[in-house]
Each structure stands twice: as structure tokens, then as C-alpha cells.
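Structural overview
Read off the chains here:
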Amino acid sequence: MEMLQIVYSSQPFGYDAGMLIGILLDARRCNTRNDVTGALICRDDIYLQLLEGPELAVRATLDRIKRDDRHLNVVEHMNRKITDRMFGRWAMLDDPATSWLWPRDRISDGVPVGATTPQILAVFERLAREKADE
């Protein structure tokens, strides 16, 4: 079955542990209901998230995130059709930026848009491999 996979980044507004827990609880509840899976790599200055699943559900999820005032400057970096999920067991895996791509000095200049699709995918592929046995 063909599905959609999207990666976006955004800047957190009001980031703290409680807000992150709220985002993850909302994501896991909605994603389980809508058959969306993925991973959120997070740090106090940026989120990088991969969403995958049925196309309409993934697009609706991204639209909901764009309306969420906890996310600023949402930038879509990748959008592709897939047949296999990278994070099929995870309604929303969270990673505290141990699989990071962009240094803080680049983030402070604005949400980076220079990363290539292979660079972004490599970060998520590594995270998926690391979490495969959990």
C-alpha cells in the first residue's frame, strides 16, 4: 500500500518538559487513531519530525501542527511516497536530539533549509536502527 512520508521542522514556542510531554501525548493519541507513525527529534530551539501513513491522515496531521501555537515557522523539508514505514511500531517516537543534524548557531539564524533529503533521511534511518530492538 502506498503511503506518504513528510519531514518538517519548526521552532518551539514556550518549550519546556511539560510542553513536550503534552505534544507527545497529543501526537500519540491522534496518530494511533489515524494510523500515522513517526518520530520527533526535539531540542529547545527546533523540532524535526517525520510523519508517515495514509496520505490524507498525514496531510491532516501536518495541517494540525501548522495551526498549533506551540510550533512556529513550520517548514516542510521532504514529501515522498513510500510503501514501507520507517517507524511502523511508533505512534510517535521521541528523541532528545541525540540524532541531530543542525548545530545551534545555524538554528539561531532561522530554520535551516539547506539540508538535502538524503541528509535528513540518514538522521531518521539511524534513529530507526537504534530503536529497532526497543
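Up top is the structure.
Before going into details, it helps to say that this report is about the structure given with it. Values in this document were obtained by computation on a predicted structure and should not be read as measured data. (Residues numbered from 1 in each chain as written. Predicted model: local features only at pLDDT ≥ 70, side-chain atom pairs only at ≥ 80, totals over all residues. Heavy atoms only, no water.)

**Looking at the layout of surface pockets**
Roughly 160 Å³ of internal volume is contained in the largest pocket. Along the wall of the largest pocket there are 14 residues; nearest its centre are I23, R64, I65, D68 and R70. Of all the secondary-structure elements, those providing two or more residues to the lining of the largest pocket are α1 (17-34), β3 (46-53) and α2 (55-67). Top contributing element to the lining of the largest pocket by residue count: α1, with four residues. By residue class, the composition of the lining of the largest pocket is six nonpolar, four polar and four charged. (1 Å grid on protein atoms, 1.4 Å probe; cavity = no way out; pocket = protein on both sides within 12 Å on 5 of 7 lines; lining within 4 Å. Points joined across faces, edges and corners; volume = space filled by probe spheres on them. Helix = DSSP H or I, 4+ residues; strand = E, 2+ residues; numbered from the N terminus. Nonpolar A, V, L, I, M, F, W, Y, C, P; charged D, E, K, R; others polar.)

**Some thoughts on the packing of aromatic side chains**
The full count for this structure, using the stated rule, is two aromatic pairs. Ring geometry for Y15 against Y47: centres 6.1 Å apart, planes inclined by 55°, an arrangement best described as tilted. With a gap of 32 residues between them, Y15 in the loop between β1 (3-12) and α1 and Y47 in strand β3 connect regions that are remote in the sequence. Classification of Y15 as partly exposed rests on a relative accessible area of 28%. (Phe/Tyr/Trp six-rings, centres within 6.5 Å; stacked < 30°, edge-to-face > 60°. Buried < 20%, exposed > 50% of the residue type's maximum accessible area, 1.4 Å probe, protein only.)

**Looking at the sheet that holds strand β2 (residues 37-43)**
Reading across the sheet, the five strands line up as β4-β1-β3-β2-β5 and stay open at both edges, with mixed pairing between neighbours. Looking at which strands have only one partner, the edges of the open sheet turn out to be β4 (71-82) and β5 (93-95). Recorded for the sheet is a direction-independent mean angle of 15° between the axes of neighbouring strands. Alignment of β2 against β3, held across seven bridges, turns out to be antiparallel. When the bridges of β3 are listed, R43 appears paired with I46. Sheet strands touched by α1: β1, β2, β3, β4 and β5. Its angle to β2, the strand with the most contacts, is close to 170°. (Pairing = 2+ DSSP bridges. Axes fitted to C-alpha atoms, helices over the stretch in contact; angles between N-to-C directions. Contact = heavy atoms within 4.5 Å.)

**Considering the pairing of β2**
Of all the seven residues making up β2, seven are buried; the element is thus mostly covered by neighbouring parts of the structure. Burial along β2 is two-sided: T37, A39, I41 and R43 facing one way and G38, L40 and C42 facing the other are all buried. The antiparallel hairpin formed by β2 and β3 contains two residues in its connecting segment. Relative to β5, β2 runs parallel, the two sharing three bridges. Within the sheet, the bridge partner assigned to A39 lies in β5 and is L93.

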